[in-house]
Amino acid sequence: MKSDQHFVQLNSSNASLIIDCQSKTPAIIYWGKLLSKQTSADMLSLLSTRQEAKCSLVIEAPISLSPLLGEGFTGSPGIEINNHDYAWSLGGELVDIIQIDEHKVCFETLDDIRQIKVVHTLSLDHDTDVLSAYTELVNLSEQSVTVNWCATPTIPLSDQMNKIMSFEGRWSNEFQCHSLDLFLGSFVRENRKGKTSHDNFPGMVMHNNFTHEQAGECFGFHLGWSGNHKMRAELLPEGRSYVQLGELLMPGEIVLLPQQSYQSPTLYAGYSDQGFSGLSNCFHQYVRSELLSPKLSQKPRPVHYNTWEGIYFEHDVDTLKELANKVAGLGAERFVLDDGWFKGRRGDFAGLGDWVVDKEIYPNGLSPLIDHVNQQGMEFGLWFEPEMVNPDSDLYRAHPDWVLATAGNQQLNFRNQLVLDLSRNEVVDYLFHAIDDILTEYPKIVYIKWDMNRDINHAGNAQGKPAIHQQTTALYQLIDRIKQKHSHVEIESCSSGGARVDYGILAHTDRVWTSDSNDALDRLTIQRGCSFFFPSEVMGAHIGPRECHITGRIVSMEMRAAVAFFGHMGLEMDPRELTDEDCEQLSTIIALHKKHRQLIHSGELIRLNQDGDSINFGIINQDKSQALFAYNSINETKRTTPPKYRFVGLSADKVYKLTLVWPTKLKEYSPSVLSKIQGQKFSGESLMQLGMQLPVLFPQTSLIFELNDTQ
């Protein structure tokens, strides 16, 4: 039974979370800056006392961890269920508080009449200040219960948070930041594409008018889930507001039989009073410590060469060996053979599902190419798209019933492919054995690029039921099964670029493909938006062709290289087209990346406030003795000279040697500050407070500065 405990408080390094347990259902009363011992939960409860307002309820329904219709809540309920009786009006009472440790707690609420139990689990990570939380719904009754909606724990907002930042986009232009005012009513984003999606990332940041990159309070929310989702920020008429995220369920998708349960995806939420960059670094450190495999931190992330934009489907062993020779000489450390290696794959119209090496192209299998790549000092990786099948394939001809479909409805065409039904065990077993056979035959394959190139428009399984939930959990299990059998293999999550980038998939993989666009100008905004939740080392970032194949834009090698430099760096072009000067520049920037990648892939990201003309940021190590800062000019400045550049986040007490390390050659209108500061020493205080006058440069120019403590 419920104890007489009135409050539960969880503390992390910089934040406090207090849950009020005095009412029938638990509710968050405070989440924000770390409270001192002088402040008690009782004080906060008294200060939060509300009164009966005109033409209003005497006592308002609480914004509990799951606000309920049975409690009279008129906002969005945290749980919506139904059966043949009155499950729809679920209420309940807190019956148990289970304190797992000082940072993790479970609350059990029981509706004894409807025989439904709700369990909320909240954990506040001490080192990163990230809150992880999920909701479990247990059917204790003797009849089935249909789950229409079961959100992660609902988070009330401070009344000072009056702005919403969301992340939207499209294919090849993901993670575009968009801010708007919190308004009376609900801001709702829904995704039904069966994957995380290009256009609707399941995350938002709540802030106020005074928050910027380096200062101010903000709260970040992300649903770690790779299927359908819904998120809401609502301002109620009485002035209270909250955030609520969860899996979007299709009608009849989840039906709980007696004693069955449903667990929501995990909500990852962060608080910072150090601005947006401070919030991002909470998430980055959490990803590094809690989501990524520890073995990844024990080796540098290899510089990639991916064949896709170099040759597309034009596979030829001699050509591929030539490419390997070329990119190895530039400094590439991993060679990833993309789409086109398997049976019948001469374009995107055939072959998906037939995961055997095409002997017409590779008469001796992949070993000659793999051995040659290894001899050049590079690892070997391979592309798969396991969840998909082409109608023109042996697999589909043998098993046309293995695809997701809805009776009587024509399949919508999408890249000549259909989606396999992973809710069928025989489908998952087929895919496991197909991939396992390749990895067993070629044990030197150490990397898989796992792609997924269409939306799931017809999500019906073999029983005619909607299957996105089963599809997503089966995907996670399949990846885990492969990694358990082949523990040396790293896996990248790709979905036509950034359509499956989330903590759900990242917990099972090792990096994400941020976007299909390698256009450096596009990539600056894409990578900036992605960096709100994801650290640089998981963001695949490649130097693309001279003329971008997606935008047609021509961006200088210097800028393309500078933008890819700050991610998990790679190359993706036909290296035979490179000039001698291109090769010299690529060799230099790759060597520079290798020199600094430990910092790039572990340091603290400092995004500078945007001025509309440039996108600028820095990465600083833990003791602030080393830093890299980037200036990326996009547009002509509005004045005759650009503004000053402030190296934010350094130690004011340290003295730094300032060096321009990229580009190696720079065309300037006239002699500038760059010739004066090169190799000179400056206090951190001067670099942050006054800053450096930027030179007059052409648009689409990037500068990278290195700073080292001289003391």
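Thresholds applied
- Residues numbered from 1 in each chain as written.
- Predicted model: local features only at pLDDT ≥ 70, side-chain atom pairs only at ≥ 80, totals over all residues.
- Heavy atoms only, no water.
- Helix = DSSP H or I, 4+ residues; strand = E, 2+ residues; numbered from the N terminus.
- Rg over C-alpha atoms; globule rule 2.2 N^0.38 Å.
- Buried < 20%, exposed > 50% of the residue type's maximum accessible area, 1.4 Å probe, protein only.
- Contact = heavy atoms within 4.5 Å.
- Areas by Shrake-Rupley, 256 points an atom, 1.4 Å probe, with all protein chains shown as cover.
- Lys, Arg positive; Asp, Glu negative; His and termini not counted.
- Charge placed at Lys NZ, Arg CZ, Asp CG, Glu CD.
- Salt bridge = Lys/Arg side-chain N within 4 Å of Asp/Glu carboxyl O.
- Pairing = 2+ DSSP bridges.
- Axes fitted to C-alpha atoms, helices over the stretch in contact; angles between N-to-C directions.
- Core = buried A, V, L, I, M, F, W, Y, C linked by side-chain atoms within 4.5 Å.
- Polar contact = N/O pair within 3.5 Å; in protein donor to acceptor, adjacent residues only side chain to side chain.
- Phe/Tyr/Trp six-rings, centres within 6.5 Å; stacked < 30°, edge-to-face > 60°.
- Lys NZ or Arg CZ within 6 Å of the ring centre and 35° of its normal.
- Parallel < 35°, antiparallel > 145°, perpendicular 65-115°, else oblique.
- Nonpolar A, V, L, I, M, F, W, Y, C, P; charged D, E, K, R; others polar.
- Disulfide = S-S within 2.5 Å.
- Expected span 1.5 Å × (residues − 1).
- Left-handed = near helix turned anticlockwise from the far one by under 90°.

> Sorry if this is basic, but what is going on with the overall build of the protein here?
The secondary structure content of the protein amounts to 14 helices and 38 strands. Its C-alpha atoms give the protein a radius of gyration of 27 Å, within 12% of the compact-globule value 27 Å for 711 residues. When its C-alpha atoms are laid out on the principal axes, the protein stretches across 75 × 70 × 40 Å. Looking at the 711 residues of the protein, the share that counts as buried comes to 60%. At a minimum sequence separation of 6, the contacts of the protein that also span at least 24 residues come to 70%. Of the roughly 28200 Å² of accessible surface on the protein, 49% is carried by carbon and sulfur atoms. Distance between charge centroids for the protein: 5 Å, based on 62 positive and 89 negative side chains.

> Looking at this structure, I do not really get unusual backbone geometry. What am I missing?
Negative phi is the rule for most residues except glycine; trans is the rule for most peptide bonds. In this chain, W662 is followed by P663 through a cis amide linkage whose omega measures 5°. Here P663 is to be found in the loop between β35 (655–662) and α13 (674–677). The backbone of N416 shows a phi angle near 60°, a positive value even though the residue is not glycine. Tracing the backbone through its elements, the reader meets N416 in the loop between α6 (394–398) and β25 (418–419). One non-glycine residue, S496, lies in positive phi territory at about 50°. Of note, S496 is situated in the loop between β27 (490–493) and α9 (503–506).

> So what exactly am I meant to see when it comes to the pattern of salt bridges here?
Opposite charge on two side chains permits them to pair, given that their charged atoms come into close proximity. One pass over the structure, following the stated rule, counts 40 salt bridges. A salt bridge links K594 to E333, with the nearest nitrogen and oxygen atoms 3.8 Å apart. Here K594, found in helix α12 (residues 580–600), pairs with E333, found in the loop between α4 (317–330) and β22 (334–337); they are 261 residues apart in sequence, far enough to count as distant. With relative accessibility at 30%, the residue K594 sits in the partly exposed group. For D392, the salt bridge goes to R397, with nearest N and O atoms at 3.0 Å. Sharing partners across several salt bridges, the network here consists of R50, E60, E238 and R240.

> Just checking my understanding: could you explain the sheet that holds strand β18 (residues 254–256) for this structure?
Strand pairing within a sheet occurs via backbone hydrogen bonds; the two strands may be parallel or antiparallel. Taken together, the three strands give an open sheet; going across it, the order is β4-β9-β18, and neighbouring strands pair in antiparallel fashion. Each edge of the open sheet carries a strand with a single partner, namely β4 (79–82) and β18. On average, each strand axis in the sheet is inclined to that of its neighbour by 35°, with strand direction left out of account.

> What should I look at first to understand the sheet that holds strand β28 (residues 511–513) in this one?
The strand order around the closed barrel built from eight strands is β21-β22-β23-β26-β27-β28-β29-β30, with neighbouring strands paired in parallel fashion. Between one strand and the next, the sheet's axes are offset by a mean angle of 30°, whatever the strand orientation. The sheet contact formed by β22 and strand β23 (residues 379–384) spans four bridges and is parallel. Its bridge partner lying in β23, R334 is registered against E379. Contacting β29 (539–543) and β30 (568–571), helix α11 (residues 557–564) runs over the sheet at an angle of about 165° to β29. Packed onto the sheet, α12 meets β29 and β30 and runs at close to 160° relative to β30.

> Any chance you could explain the nonpolar core here in plain terms?
The nonpolar side chains of a soluble globular protein tend to be buried with one another. Of all hydrophobic cores here, the largest spans 128 residues; its most connected members are W31, F221 and W341. Of all the elements, helix α7 (residues 425–441) adds the most residues to this core, at eight residues. In this structure W31 touches A15, S16, L17, L131, I155, F219, F221, A269, G270 and Y271, once residues within four positions along its chain are discounted. Ranked by size, the runner-up nonpolar core spans 27 residues in total, among them M165, V501, F532 and F533.

> Explanation requested: helix α10 (residues 520–530) in the structure shown.
Side chains that are three or four residues apart share a direction in an α-helix, a result of its 3.6 residues per turn. Of all the eleven residues making up α10, ten are buried; the element is thus mostly covered by neighbouring parts of the structure. Taking the backbone nitrogen of L521 as reference, a side-chain oxygen 2.9 Å away marks D519 as the first, capping residue of α10.

> Help me out: how do you make sense of the packing of aromatic side chains in this one?
For any pair of aromatic rings, the description rests on two quantities: the centre-to-centre distance and the angle between the ring planes. Going through the model one piece at a time under the given rule, you end up with 37 aromatic pairs. For the ring pair F175 and F201, a centre distance of 5.3 Å and an interplane angle of 55° mean the geometry is tilted. Pair noted here: F175 is in the loop between β11 (163–168) and β12 (176–181) and F201 is in strand β14 (residues 200–207), with a separation of 26 residues, a long-range link. The pair formed by F175 and F201 is uniform in burial state, with each residue classed as buried. Feature note: the residues F167, F175, F201, Y268, F276, F283, Y286, Y503, F532, F533 and F534 constitute an aromatic cluster, connected by ring pairs. Just above the ring of W513 sits the side chain of K449; from NZ or CZ to the centre is 5.7 Å. Here R523 stacks its cationic end above the ring of W513, 4.7 Å away from the centre of that ring.

> Teacher, can you tell me more about the packing of α4 against α12 here?
Helix-helix packing is characterised by the crossing angle of the two axes and by the distance between the axes. For the pair α4 and α12, interaxial distance at closest approach is 8 Å and the crossing angle is 55°. Between α4 and α12, the crossing angle belongs to the class labelled oblique. Contacts between α4 and α12 involve K326, G329 and L330 from the former and C583, L586, S587 and I590 from the latter. A class-by-class count of the residues in the contact of α4 with α12 yields four nonpolar, two polar and one charged.

> So what exactly am I meant to see when it comes to the state of the cysteines here?
Structurally, a disulfide amounts to a covalent bond that connects the sulfur atoms of two cysteines. Per the counting criterion, the structure on display carries zero disulfides. In this model C282 remains outside any disulfide bridge; the closest cysteine sulfur is found in C218, 8.5 Å from its own. The closest cysteine sulfur to the non-disulfide-bonded C548 is located on C494, 15 Å from its own sulfur.

> Would you explain helix α8 (residues 468–485) in this entry?
For α8, built from 18 residues, the straight-helix expectation of 26 Å at 1.5 Å per residue is met to within 8% by its first-to-last C-alpha distance of 26 Å. Listing the buried residues of α8 in full gives I468, H469, Q471, T472, A474, L475, Y476, L478, I479, I482 and K483.

> So what exactly am I meant to see when it comes to the side chain of N83 here?
Its location among the elements puts N83 in the loop between β4 and β5 (93–101). For N83, the side chain forms a polar contact with the main-chain nitrogen of D85, separated by 2.8 Å. At a separation of 3.5 Å, a polar atom in the side chain of N83 contacts the main-chain amide nitrogen of Y86.

> Would you explain the side chain of D522 in this entry?
Among the structural elements, D522 can be located in helix α10. Excluding anything up to four places from it in sequence, D522 contacts S172, S517, T551 and R553.

> Looking at this model, I keep getting lost on the packing of α7 against α8. Mind explaining?
At a minimum axis separation of 10 Å, α7 and α8 run at an interaxial angle of 30°. The angle between the axes of α7 and α8 places the two elements in the roughly parallel class. Crossing angle aside, the handedness with which α7 passes α8 is right-handed. Residue-level contacts link V428, D429, L431, F432, H433, I435, D436, L439 and T440 of α7 to A474, L478, R481, I482 and K485 of α8. Partitioned by chemical class, the residues of the contact of α7 with α8 number eight nonpolar, two polar and four charged.

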